[in-house]
Amino acid sequence: MKKILLSLIMCSMLTMAVPAIAGTHGTNGKVSGKSIGAGALSLLIWPGIGQAINDQSYEKNLTHALLGLTGVFRIWSCYDAVVDRQGGVWHNRI
């Protein structure tokens, strides 16, 4: 139980730090209940699910899903889904 709690705390701390480190290209949407749920799914299940829930383009969904093979990208994908960010780098895919 302690390991799970510590893992959740660490993930939440890392998620808060990502926007400060990684400058966003694109425009942020509104944070809503739907976008928070999408971010949780991107973090806990698989990156790309949150972007699909937020009605992003197929290319962006696929890119997030493939880059989700790296553990670090889950955190970025979670942030991207929570703020419902439109656009991005690499032809609006990230």
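Residues numbered from 1 in each chain as written. Predicted model: local features only at pLDDT ≥ 70, side-chain atom pairs only at ≥ 80, totals over all residues. Heavy atoms only, no water.

Participant: Would you take a moment to explain the overall build of the protein chain for this structure?
Facilitator: Across its full length, the protein chain holds six helices and zero strands. When the helices and strands of the protein chain are read in sequence order from the N terminus, they spell out α-α-α-α-α-α. Sorting the 94 residues of the protein chain into buried and exposed places 35% on the buried side. The contacts in the protein chain between residues at least 6 apart in sequence include a share of 66% that link residues at least 24 apart. Of the roughly 5,800 Å² that the protein chain leaves accessible, carbon and sulfur atoms contribute 72%. (Helix = DSSP H or I, 4+ residues; strand = E, 2+ residues; numbered from the N terminus. Buried < 20%, exposed > 50% of the residue type's maximum accessible area, 1.4 Å probe, protein only. Contact = heavy atoms within 4.5 Å. Areas by Shrake-Rupley, 256 points an atom, 1.4 Å probe, with all protein chains shown as cover.)

Participant: Even after reading the chapter, I still don't get the packing of aromatic side chains, so can you show me in this structure?
Facilitator: A ring pair, where both rings are aromatic, is described by two values, the distance of the centres and the angle of the planes. On inspection of all chains with the given rule, the structure shows one aromatic pair. The interplanar angle of 40 degrees and the centroid separation of 5.2 Å between the aromatic rings of Trp76 and Tyr79 together place this pair among those described as tilted. Taken together, the residues span about one helical turn, with Trp76 and Tyr79 both in helix H5 (residues 71-82) at a distance of three residues. By relative accessible area, Trp76 is classed as buried at 11%. Taking the relative accessible area as the measure of exposure, Tyr79 reaches 10% and is therefore buried. (Phe/Tyr/Trp six-rings, centres within 6.5 Å; stacked < 30°, edge-to-face > 60°.)

Participant: Please explain the packing of helix H4 (residues 58-67) against H5 as it appears in this structure.
Facilitator: The packing of two helices is summarised by the inter-axis angle and the distance between the axes. Where H4 meets H5, the axes come as close as 9 Å, and the angle between the chain directions of the two elements is 150 degrees. On the basis of their axis angle, the class for H4 and H5 is roughly antiparallel. When the axes of H4 and H5 are compared, the crossing they make is left-handed. Between H4 and H5, the residues in contact are Lys60, His64 and Leu67 and Phe73, Trp76, Ser77 and Asp80, respectively. Here the residues of the contact of H4 with H5 are counted per class, giving three nonpolar, two polar and two charged. (Axes fitted to C-alpha atoms, helices over the stretch in contact; angles between N-to-C directions. Parallel < 35°, antiparallel > 145°, perpendicular 65-115°, else oblique. Left-handed = near helix turned anticlockwise from the far one by under 90°. Nonpolar A, V, L, I, M, F, W, Y, C, P; charged D, E, K, R; others polar.)

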